[in-house]
Amino acid sequence: MLFLILTVTVSILGAILYWNFRARYRFSDKWPTLKPVYPILGNGPVVMGKNEVDRFEIIRDVCYSAERILKIWAGPKLLLLTSHPDLIQQILTSPVCLEKPYLYHFAGFEEGLFTAKYHVWKPARKRLNPAFNLRIIHGFVPIMARCAQKMAARLNKYPDGATVDIIKYTNMCTLEMICGTTMGSDVLNRDGKEEFKRGLDGAFNGAAWRMMNVHLYPDIIYKMTRYHKELTEARKIVCDFFTKLIVEKKQILQQKRLNNDEKNNNDEEENEADNHKPKILVDLLLSNSSDGKPFTESQITDNVYAVITGAVDTTALITAHACLFMSFYPEIQERVFAEINQYFPVGSDDQEVTHEQFRQLTYTEMFLNEVQRHWTPVPLIARENMAEFEIDGVKVPPGHVFGLSLHALHMRKDVWGPDADRFDPENFSEERAKNRHPFAFLPFSGGTRICLGWRYASFSMKAVMVHLVKNFKFSSKIKPEDIRFKHDLTMKLPFEHLVQITKRNPVAN
């Protein structure tokens, strides 16, 4: 009798839960669902047990199959996946789709711009925007050039024809560049920089791993696994590195204030002018807002993390990828070299570099854009609607997640033509680009929550490319058909970026 009562009770509860589940998601019946779907686990088993390379390829193929909207089940949670430019534009420009969903919680540093919830992100973005305006970035160009020149000098120590893992050099160059321009610190002269980079990789890999393992979503389960311990240790390395930089900067600013207080009244006009000068990121983070409120310690750390990791994992990755593409297509490499050599001749390392010169590198920019189109630095992003949102003729209730595959968007033949798979910088010529969809190319996302540092990235990539290309010719034993990627938050190879470097001006070296 007791067994019968339990059976009936469980059956009734199960029916109620199923009815509630169907009622919650009935709005999405119009759209196709990724198959197979498993009870409780959803589509999770599709990638469970797969290595990181197979995971990437499965997810890539699923994204390619999303013609308009495809339903994905991350356990019992619904993800609406799309790569269509019209739908992506509608989502990224909607004022009700500015929220970052629960998946970003796994990346940690939740008060930074990259992962912050909308109510945290909006005021922080407004306060930090001035650190990345064009006037500030133009002033950074000489620093970027010096960092890139140091990178080239380190590579020049190798014998002609040497094989190097080029991303190690673009990584360290970019780290030095972003710390120098946003924190006012020279990381190459400090201990812990190599450990920091390993911690950075561990933090990214750990977050990506959790995102793709539905059974690790509940904190109570995740915290019992070794993955939680490894991720915690990686984040601690990163935070300790940042904390030292911030403490040093606080001491410098405090001393500067003391010095200003000692000045007499005749300097008041000069001090007032200094107060209105554009501030770099760390100065804004350590200053009060217009209402007198300072950033909290966690907001400072998390935003430093967001900006520095964002720069290192885009500029460094894209320029390392660019070296491989130049190895694949020597004729394109020579055209990039010809343009760079016109404005920055071989052997002219002492030449003053300006932002106006970078603007002249039109073919180099086309080439870098094509690199990002093929190997999109952040292949997939997500947004959550904060209010009812109508898309594709369907009213979506608040609180649902939209997955936007930027990599699949960049490979769509209905957007980029029948030769979308072919590497061709001319895709970004003025003639071809003039009638293209405004949201066809989004290497740094788009809309209101576009990456804060996208202009910074454009200038920093050119600085790196100028000093790489005018100093070296690149080749590689890696072939296009060898290229595969691993599942991560960014589009990374599962092996080293090995290239052979031939010096263009060996006498001077």
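Treat the numbers as computed from the prediction; the structure is a model and nothing was measured.

**A look at the pattern of salt bridges**
Pairs can form between side chains of opposite charge whenever their charged atoms are close. Inspection of the entire model under this criterion finds 23 salt bridges. The salt bridge involving Glu230 is made with Arg226; its shortest N-O contact spans 3.0 Å. Taken together, the residues Glu230 and Arg226, both in helix H9 (residues 226-262) and four residues apart, mark about one turn of the helix. Here Lys413 makes a salt bridge to Asp421, at a shortest N to O gap of 3.2 Å. By relative accessible area, Lys413 is classed as partly exposed at 43%. Residue classification places Asp421 among the exposed residues on the basis of a relative accessible area of 52%. Several salt bridges converge on common partners, so that one network encompasses Asp201, Asp313, Asp488 and Lys492.

**A word on a nonpolar patch on the surface**
A cluster of nonpolar residues, Tyr38, Ile40 and Leu41, forms a patch on the protein surface that exposes about 300 Å² of accessible area. The topology assignment puts Ile40 in the loop between helix H1 (2-25) and helix H2 (52-65). What makes Ile40 exposed here is its relative accessible area of 71%.

**Some words on the nonpolar core**
Formed by 121 residues in total, the largest nonpolar core has its most connected members in Leu155, Ile166, Ile308, Phe358, Phe367 and Phe474. Sorting elements by how many residues they give to this core places helix H12 (residues 297-328) first, with 16 residues. Apart from the residues within four sequence positions on either side, Ile166 is in contact with Leu155, Ala320, Cys323, Leu468, Phe474, His497 and Val499. Of all hydrophobic cores here, the second largest spans 37 residues; its members include Tyr25, Leu92, Ile381 and Phe402.

**Remarks on the packing of helix H6 (residues 166-182) against helix H19 (residues 454-469)**
Between H6 and H19, the shortest axis-to-axis distance is 11 Å and the interhelical angle comes to 130 degrees. Taken as axis vectors, H6 and H19 run oblique relative to one another. Pair H6 / H19 crosses with right-handed handedness. Contacts between H6 and H19 involve Ile166, Thr170, Cys173, Met177, Ile178 and Thr181 on the former and, on the latter, Tyr456, Ser460, Val464 and Leu468. Split into classes, the residues belonging to the contact of H6 with H19 amount to seven nonpolar, three polar and no charged.

Cut-offs applied
- Per chain, residue numbering runs from 1 following the sequence as it is written.
- Given that the model is predicted, a residue must reach a pLDDT of at least 70 before its local features are reported, and side-chain atom pairs must reach 80 or more before they are shown or counted; all residues, however, enter totals for whole chains, interfaces and linings.
- Water and hydrogen atoms play no part in the side-chain values, which are based on all heavy atoms of the structure.
- We define a salt bridge as a side-chain nitrogen of Lys or Arg found within 4 Å of a carboxyl oxygen belonging to Asp or Glu.
- Only runs of H or I of at least four residues qualify as helices and only runs of E of at least two qualify as strands under DSSP, and these elements are numbered from the N terminus.
- Classification of residues uses two cut-offs on accessible area relative to the type maximum, computed with a 1.4 Å probe and protein chains only: under 20% is buried, over 50% is exposed, and between them is partly exposed.
- Here the term patch refers to residues with relative accessible area over 30% and no salt bridge, with like charges joined within 9 Å and nonpolar side chains (Val, Leu, Ile, Met, Phe, Trp, Tyr) within 5 Å.
- In short, Shrake-Rupley with a 1.4 Å probe defines the accessible areas, and a residue's cover is counted only from the protein chains shown.
- What we call a nonpolar core is a set of buried Ala, Val, Leu, Ile, Met, Phe, Trp, Tyr and Cys residues that are connected through their side-chain atoms within 4.5 Å.
- Should any heavy atoms of two residues lie within 4.5 Å, those residues are considered in contact.
- Between N-to-C directions, angles cover 0 to 180 degrees, with each direction set by a line fitted to C-alpha atoms, over the stretch in contact for helices.
- By the definition adopted for this analysis, an angle is roughly parallel if under 35 degrees, roughly antiparallel if over 145, roughly perpendicular if from 65 to 115, and oblique otherwise.
- Crossing handedness is read from the near helix: turned anticlockwise from the far helix by less than a right angle, it gives a left-handed crossing, and turned clockwise, a right-handed one.
- Three classes are used, and their members are as follows: Ala, Val, Leu, Ile, Met, Phe, Trp, Tyr, Cys and Pro are nonpolar, Asp, Glu, Lys and Arg are charged, and the others, Gly among them, are polar.

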